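The lines below spell out each chain.
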Amino acid sequence: KLPNARADAESIAQSVVELGASTAVVVEKTMSRTDLKRGVQDFIRQIDKDRPPRVVLIFYAGHGMQEGDGIYLLPADANPKTAEQLKSQGISHDELFRSLKQGVDKNICAGNVLYLVILDTCRESLQGSTVVAGYSPEIHEPP
């Protein structure tokens, strides 16, 4: 259990609204892989097509694992033991970013959008060790 994940997500949402942004928040304690994917699609559908965003922000607080260069967001019911299980039970940061970018570019506006994806998660390996602890900035181009 991650007792602070929900509070962290709600705090970030409140902060961006106070800065004048519109926001859609999906906060669930026990989301499945399908729920996580549906949450991203729901977020995209809630973006106002008449007021295309300049910045799209996703903040994820929850469980995560790293396999090679891939970071995987894990739903509450995931318990991967192999790389194949990790890929089928989790959502890679590449998949999240690709879905977000394709959905916004195709349905809302193409071009000039800054995508910020903040992952507040541990990054354990399948062997159980922590891959990265603390702050890990990364500039990531979509696949």
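Each remark here, short or long, concerns the structure printed above.
In this report, we go over the structure that sits alongside the text. (Residues numbered from 1 in each chain as written. Predicted model: local features only at pLDDT ≥ 70, side-chain atom pairs only at ≥ 80, totals over all residues. Heavy atoms only, no water.)

**Overview of the overall build of the chain**
A tally of helices and strands in the chain yields four helices and six strands. Along the chain, from the amino end to the carboxyl end, the secondary structure elements read α-α-β-β-α-β-α-β-β-β. Counting the 143 residues in the chain, one finds 36% classified as buried. Excluding contacts between residues fewer than 6 apart, the proportion of contacts in the chain whose partners are at least 24 apart in sequence is 64%. For the chain, the accessible area works out to roughly 9200 Å², and carbon and sulfur atoms hold 48% of it. (Helix = DSSP H or I, 4+ residues; strand = E, 2+ residues; numbered from the N terminus. Buried < 20%, exposed > 50% of the residue type's maximum accessible area, 1.4 Å probe, protein only. Contact = heavy atoms within 4.5 Å. Areas by Shrake-Rupley, 256 points an atom, 1.4 Å probe, with all protein chains shown as cover.)

**Description of the nonpolar core**
In summary, soluble globular proteins display a tendency toward joint burial of nonpolar side chains. Phe43, Val56, Leu96, Leu100, Val104 and Tyr115 are the most contacted members of the largest nonpolar core, which totals 17 residues. Where this core is concerned, the elements lending two or more residues are α2 (33–45), β1 (55–67) and α4 (93–107). Each residue touching tyrosine 115, except ones within four places of it in the same chain, is listed here: Val56, Phe97, Leu100, Lys101, Val104 and Asp105. In this structure, Met65, Tyr72, Leu74 and Leu126 belong to the second largest nonpolar core, which totals seven residues. (Core = buried A, V, L, I, M, F, W, Y, C linked by side-chain atoms within 4.5 Å.)

**Here's the deal with the pairing of β1**
Pairing of β1 with strand β4 (residues 114–121), which is carried by eight bridges, proceeds in the parallel orientation. Looking at the pairing, leucine 57 lines up with leucine 116 of β4. For β1 and strand β2 (residues 70–74), the ladder comprises five bridges, and the chain directions are antiparallel. Residue pairing for β2: histidine 63 is matched across the bridge by leucine 74. Counted between consecutive antiparallel strands, the loop separating β1 from β2 contains two residues, among which glycine 68 sits at a positive phi close to 60 degrees. (Pairing = 2+ DSSP bridges.)

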